[in-house]
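# Coordinate inspection notes
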Amino acid sequence: MNRPAPVSARLPEFTWDTLDAAAGLAAAHPDGPINLSMGTPVDPVPALIRQALADASDAPGYPLTAGTPALRDAIAAWVARACGAGVDGLGVLPTVGSKELVAWLPTLLGIGPGDVVVVPSIAYPTYEDGARLAGATVVRADSLTAVGPTPRVRLVWVNSPGNPTGRVLPAPHLRKVVDWARERGAVVASDECYLPLGWDAEPVSVLSPEVCGGSYDGVLAVHSLSKRSNLAGYRAGFVAGDPALVAELLKVRKHAGMIVPAPVQAAMVAALRDERHAEEQRERYRARRAVLRAAFAAAGFTVEHSEAGLYLWLTRDEDCWETVDRLARRGILVAAGAFYGPAGARHVRAALTESDERVAAVADRLRG
Ligand SMILES: Cc1ncc(COP(=O)(O)O)c(C=O)c1O
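These figures come from a predicted structure and were not determined experimentally.

Take the packing of helix α3 (residues 69-83) against helix α9 (residues 262-273) next. At their nearest, the axes of α3 and α9 sit 9 Å apart, and the two run at 30° to each other. Taken together, the axes of α3 and α9 are roughly parallel relative to one another. The two elements α3 and α9 cross, and the hand of that crossing is left-handed. Residue-level contacts link Ala 70, Leu 71, Ala 74, Ile 75, Trp 78 and Arg 81 of α3 to Gln 265, Met 268, Val 269, Leu 272 and Arg 273 of α9. Across the contact of α3 with α9, the residue classes break down as eight nonpolar, one polar and two charged.

Take a look at the structure:
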């Protein structure tokens, strides 16, 4: 039988599987592993969000792909507050978490073989996966001058605050990217899922007037409630920006059945209207970050960037797998920097997503 080549053959090995050996080592610690390898929230879903989900659980009919009017309003109001964006002419669309949008955006935008997608040199792997699913070519670059005269750049990903580095891109940098892309008719997709987590720097949205000049032409901001509101398990995200691009995404997503479930839409409304729970969660992360940062610095690690977001970007100036192994022997599991591109090969990433008690134990384990 002549089967087509498997789609998975276009994708790299699923990176997390390569951590299995280290996970086994960390699990052997007598007090159990401290898992800082994934940015998966561990604190409870706030009660008001769970209530909204439960109240909307009688949902026999199909939900709207575009989102309920209440959700669309709540997204626009949040974007206005958090991104400093005007809501006039702003397109908004809920997504099933943001990872699916990241993975399918090139395909949904009609990008394909012969087209180029630019991703940060050290990046969340799904930008590259999405380009590969579409059959496009990936170029890793942090400055567009490094992209050179490459033809057919169709999409440029930026990610500030960045995963894994915690780096914040200043407004003039983002502005240059937007200008560069507009001159070439390329789209700028700005993954802003860590925007509410600024510590030593104030993250700026691509939708802010100082970046996009008050026009949403060619720009999309990708947001997630996974980290802000502990909703990773609900799969709740959205995209906002260029109304023509968002309308096109909606058209295709309607055909493809990429719909946020009705109870989750109701939960998103409650989450977006409330800043209090987000502020409380932010303070938890602020406290954990201070403890972890001090513990790793005392153990001889250099903390690079990390001025915002959910991670510490650490190095001992050795190969990342040596560091992963060294920490795993002490019962601490971190992500290898190599997951995020060749430029991350001498770093590891530690997430702020463990309980206060486990975070407090890190310093002792590093000393012991
Ligand atoms: C940079 C970045 N973008 C997107 C996502 C996806 O988040 P979600 O699908 O939970 O919204 C993550 C998850 O960790 C991430 O780090």
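With five of five residues buried, strand β8 (residues 237-241) is to be regarded as a mostly interior element. Residues Gly 237, Val 239 and Gly 241 of β8 are buried on one face, and the alternating residues Phe 238 and Ala 240, pointing to the opposite face, are buried as well. When strand β2 (residues 91-95) meets β8, the two strands line up antiparallel, connected through five bridges. Each bridged residue has a counterpart across the sheet, and for Thr 95 the counterpart in β8 is Gly 237. Where strand β7 (residues 219-224) meets β8, five bridges bridge the pair, whose relative direction is antiparallel. Residue pairing in the sheet places Leu 220 in a bridge with Gly 241 of β8.

Bringing the sheet that holds strand β9 (residues 302-304) into the picture now. Here four strands make up an open sheet; going across it, the order is β9-β10-β13-β12 and the pairing antiparallel. Bordering the open sheet on either side are β9 and β12 (335-336), each of which pairs with just one other strand. Of the pairings in the sheet, the one linking β12 to strand β13 (residues 348-351) comprises two bridges and is antiparallel in character. In the strand pairing of β13, Ala 335 is matched with Arg 349. Each of β9, β10 (311-315) and β13 touches helix α10 (residues 276-298); the most contacted strand, β10, lies at about 5° to it.

Our focus in this paragraph is the environment of Ala 141. Looking at the secondary structure, you find Ala 141 in the loop between β4 (137-140) and β5 (153-159). Those residues in contact with Ala 141 that sit more than four places away from it in its chain are Val 118, Val 119, Pro 120, Ser 121, Ala 146 and Val 147.

Right, let's talk about the packing of aromatic side chains for a bit. The tally for this structure, following the rule as stated, stands at eight aromatic pairs. Both rings, one in Tyr 194 and one in Tyr 311, keep their centres 5.5 Å apart while their planes meet at 80°; by these two values the pair is edge-to-face. With Tyr 194 in the loop between β6 (187-191) and α7 (209-212) and Tyr 311 in strand β10, this residue pair connects regions lying 117 residues apart in the sequence. Judged by its relative accessible area of 3%, Tyr 194 is buried. The exposure class of Tyr 311 is buried, given its relative accessible area of 3%. Against the face of Phe 301 rests Arg 316, its NZ or CZ located 5.6 Å from the ring centre.

Right, let's talk about the site of the ligand for a bit. As a matter of local geometry, the ligand sits amid 14 residues, with Asp 191, Tyr 194, Ser 224, Ser 226 and Arg 235 nearest to it. The side chain of Tyr 194 places a nitrogen or oxygen atom 2.6 Å from an oxygen atom of the ligand. Considering only residue class, the shell around the ligand consists of four nonpolar, six polar and four charged.

Here we take up the sheet that holds β4. One open sheet accounts for seven strands, arranged β2-β8-β7-β6-β5-β3-β4; its pairing is mixed. The open sheet has two edge strands, β2 and β4, and neither has a second partner. Between one strand axis and the next, the sheet turns through 20° on average, direction left out of account. The sheet contacts of helix α4 (residues 99-108) involve β2, β5, β6, β7 and β8, and relative to β5 the element is tilted by about 165°. Strands in contact with helix α8 (residues 243-256) are β2, β6, β7 and β8; relative to β2, the strand with the most contacts, it is inclined by about 35°.

Relative to the assigned elements, Ser 208 resides in the loop between β6 and α7. Contact partners of Ser 208, with chain neighbours within four places excluded, come to Cys 83, Gly 84 and Gly 213.

For α9, spanning twelve residues, the distance from its first C-alpha to its last is 17 Å, which sits close to the expected 16 Å at 1.5 Å a residue. For α9, a buried count of nine out of twelve residues is recorded, marking the element as mostly surrounded by other parts of the structure. Looking only at α9, the buried set comprises Pro 263, Val 264, Gln 265, Ala 267, Met 268, Val 269, Ala 270, Ala 271 and Leu 272. Taken together, the buried residues of α9 touch α2 (47-55), α3, β8 and α10.

Rules of the game
Residues numbered from 1 in each chain as written. Predicted model: local features only at pLDDT ≥ 70, side-chain atom pairs only at ≥ 80, totals over all residues. Heavy atoms only, no water. Axes fitted to C-alpha atoms, helices over the stretch in contact; angles between N-to-C directions. Helix = DSSP H or I, 4+ residues; strand = E, 2+ residues; numbered from the N terminus. Parallel < 35°, antiparallel > 145°, perpendicular 65-115°, else oblique. Left-handed = near helix turned anticlockwise from the far one by under 90°. Contact = heavy atoms within 4.5 Å. Nonpolar A, V, L, I, M, F, W, Y, C, P; charged D, E, K, R; others polar. Buried < 20%, exposed > 50% of the residue type's maximum accessible area, 1.4 Å probe, protein only. Pairing = 2+ DSSP bridges. Phe/Tyr/Trp six-rings, centres within 6.5 Å; stacked < 30°, edge-to-face > 60°. Lys NZ or Arg CZ within 6 Å of the ring centre and 35° of its normal. Near = heavy atom within 4 Å. Polar contact = N/O pair within 3.5 Å; in protein donor to acceptor, adjacent residues only side chain to side chain. Expected span 1.5 Å × (residues − 1).

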